[in-house]
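Residues per chain, in single letters:
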Amino acid sequence: MKLAIIGYGKMGKVIEKVALNRGHEIVLKIDQDNVDLLQKGELNGAEAAIEFSRPESAVDNILACFQHNLPVAVGTTGWYEHWEKVKSECESKKGAIVAATNFSVGVNLFFELNKKLAELMSKRDEYTAKVEETHHTEKLDSPSGTAITIAEGLIEKHSLYQNWENQQTEKNTTLDIISYREAGVPGTHTVTYDSPIDQISISHKAKNREGFALGAVLAAEFLNGKTGIYQMKDVLNF
Ligand SMILES: NC(=O)c1ccc[n+]([C@@H]2O[C@H](COP(=O)([O-])OP(=O)(O)OC[C@H]3O[C@@H](n4cnc5c(N)ncnc54)[C@H](O)[C@@H]3O)[C@@H](O)[C@H]2O)c1
């Protein structure tokens, strides 16, 4: 496929490498200095886009993709308060989008495992759950979008938890998400259930950025010829 990369930073560069390895052509690279090409629809024949930019630029870029009939896989996190607007624009312009807080195949397996475990633990009130996430110090959003997806999955399946907070709380219906920032860490997420007699943890640790990039390229391939709103579980056929 002919692909556009929107946001040519740490992720954009890995996506380029993975896409070329899968036989795709990169016909357009958009970064902050040439974003007008995307706004004007000068797409150089791109058939799908992969967007990993910044929380404050993601929505404009996504809307420009809808405007110019360019399906888009969006990895940028930290913009989800605008989801309803993006959703309605996608519907009215007949756009195509996969938005994922985490494109890694392993993390998407972890999301499913987390929900299964929450279902089991919902009947076990001796266990207290928490979510922890560790990322590199340059990460702009906190908690991570992935941690939010994990927390929402747990809350959906567990009868006790009603909401989450990004701090340690003493409220028993609030799921605590604790965020740590350390230099050079690609990303670790852990869900722990603690009781007075034991502890159960499940954890996903990214070793590098290639897993995210591969998932994003798979999503762009999936979007070829489609319209509508999809998730990674559609791409991975879970
Ligand atoms: N969903 C996932 O699987 C996943 C995985 C890793 C990172 N991320 C997210 O992806 C985003 C990018 O991460 P990164 O590590 O590559 O960041 P980065 O800072 O290295 O790269 C961001 C790039 O976007 C560019 N940019 C700024 N304004 C822009 C605009 N208006 N249009 C296009 N590009 C613009 C910047 O110049 C920079 O090159 C972050 O939100 C991060 O949290 C998501």
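Residues numbered from 1 in each chain as written. Predicted model: local features only at pLDDT ≥ 70, side-chain atom pairs only at ≥ 80, totals over all residues. Heavy atoms only, no water.

With parallel pairing, six strands are arranged side by side in an open sheet as 2-1-3-4-5-11. The open sheet has two edge strands, strand 2 (25–30) and strand 11 (228–230), and neither has a second partner. Adjacent strand axes in the sheet meet at a mean angle of 20°, parallel and antiparallel pairs treated alike. When strand 4 (residues 72–74) meets strand 5 (residues 96–99), the two strands line up parallel, connected through three bridges. The partner of Val 72 across the bridge, within strand 5, is Ile 97. (Pairing = 2+ DSSP bridges. Helix = DSSP H or I, 4+ residues; strand = E, 2+ residues; numbered from the N terminus. Axes fitted to C-alpha atoms, helices over the stretch in contact; angles between N-to-C directions.)

Another aspect to go through is a nonpolar patch on the surface. On the surface, Val 105, Leu 109 and Phe 238 cluster together into a nonpolar patch covering about 260 Å² of accessible area. Tracing the backbone through its elements, the reader meets Leu 109 in helix 5 (residues 105–121). Take Leu 109: its relative accessible area is 48%, and that puts it in the partly exposed class. (Patch = residues over 30% accessible without salt bridge, like charges linked within 9 Å, V, L, I, M, F, W, Y side chains within 5 Å. Areas by Shrake-Rupley, 256 points an atom, 1.4 Å probe, with all protein chains shown as cover. Salt bridge = Lys/Arg side-chain N within 4 Å of Asp/Glu carboxyl O. Buried < 20%, exposed > 50% of the residue type's maximum accessible area, 1.4 Å probe, protein only.)

What follows concerns the domain arrangement of the protein. By a widespread convention, an interface's size corresponds to the accessible area lost as its parts come together. Parsing the protein into structural domains produces domain 1 (2–103 + 210–235) and domain 2 (105–205). When each unit is reduced to the centre of its C-alpha atoms, the spacing between domain 1 and domain 2 is 27 Å. Across the interface of domain 1 and domain 2, roughly 940 Å² is buried in total on both sides, 52% from carbon and sulfur atoms. Along the contact surface separating domain 1 from domain 2 lie one salt bridge. Residues Lys 10 and Glu 138 are paired through a salt bridge, measuring 3.1 Å at the closest nitrogen-oxygen approach. Along the contact surface separating domain 1 from domain 2 lie seven residue pairs in polar contact (both at pLDDT 80 or more). Among the secondary structure elements, those contributing two or more residues to the side of domain 1 that touches domain 2 are helix 7 (210–223) and helix 8 (232–235). (Domains from an automatic or database assignment. Buried area = accessible area lost by both parts, 1.4 Å probe. Polar contact = N/O pair within 3.5 Å; in protein donor to acceptor, adjacent residues only side chain to side chain.)

Taken together, 22 residues form the shell around the ligand, and within it Lys 10, Met 11, Asp 31, Thr 77 and Phe 103 come nearest. At a separation of 2.9 Å, an oxygen atom of the ligand approaches a polar backbone atom of Lys 10. Within the side chain of Asn 61, one N or O atom sits 3.2 Å away from a nitrogen atom of the ligand. Surface burial for the ligand is 85%, taken as the share of its 860 Å² of free accessible area covered by protein chains. At the level of secondary structure, the elements contributing two or more residues to the shell around the ligand comprise helix 1 (10–21) and helix 3 (55–67). The residue inventory of the shell around the ligand, partitioned by class, reads seven nonpolar, 11 polar and four charged. (Near = heavy atom within 4 Å. Nonpolar A, V, L, I, M, F, W, Y, C, P; charged D, E, K, R; others polar.)

What follows covers the sheet that holds strand 10 (residues 199–205). Reading across the sheet, the five strands line up as 7-8-6-9-10 and stay open at both edges, with mixed pairing between neighbours. Of all the strands in the sheet, the pair left with one neighbour each is strand 7 (163–165) and strand 10. Pairwise comparison of adjacent strand axes, ignoring direction, gives a mean angle of 20° for this sheet. Examined bridge by bridge, strand 6 (residues 128–135) and strand 8 (residues 174–181) share six bridges and lie parallel to one another. By the bridge assignment, Glu 132 is partnered in strand 8 with Ile 178.

Interaxial distance between helix 1 and helix 7 falls to 9 Å at its minimum, and their mutual angle equals 60°. Our classification of the angle between helix 1 and helix 7 gives oblique. In the packing of helix 1 onto helix 7, the handedness of the crossing is right-handed. Residues Met 11, Val 14, Ile 15, Lys 17, Val 18 and Ala 19 of helix 1 form the contact with helix 7, whose own contacting residues are Glu 210, Phe 212, Ala 213, Leu 214 and Val 217. Residue classes in the contact of helix 1 with helix 7 are distributed as nine nonpolar, no polar and two charged. (Parallel < 35°, antiparallel > 145°, perpendicular 65-115°, else oblique. Left-handed = near helix turned anticlockwise from the far one by under 90°. Contact = heavy atoms within 4.5 Å.)

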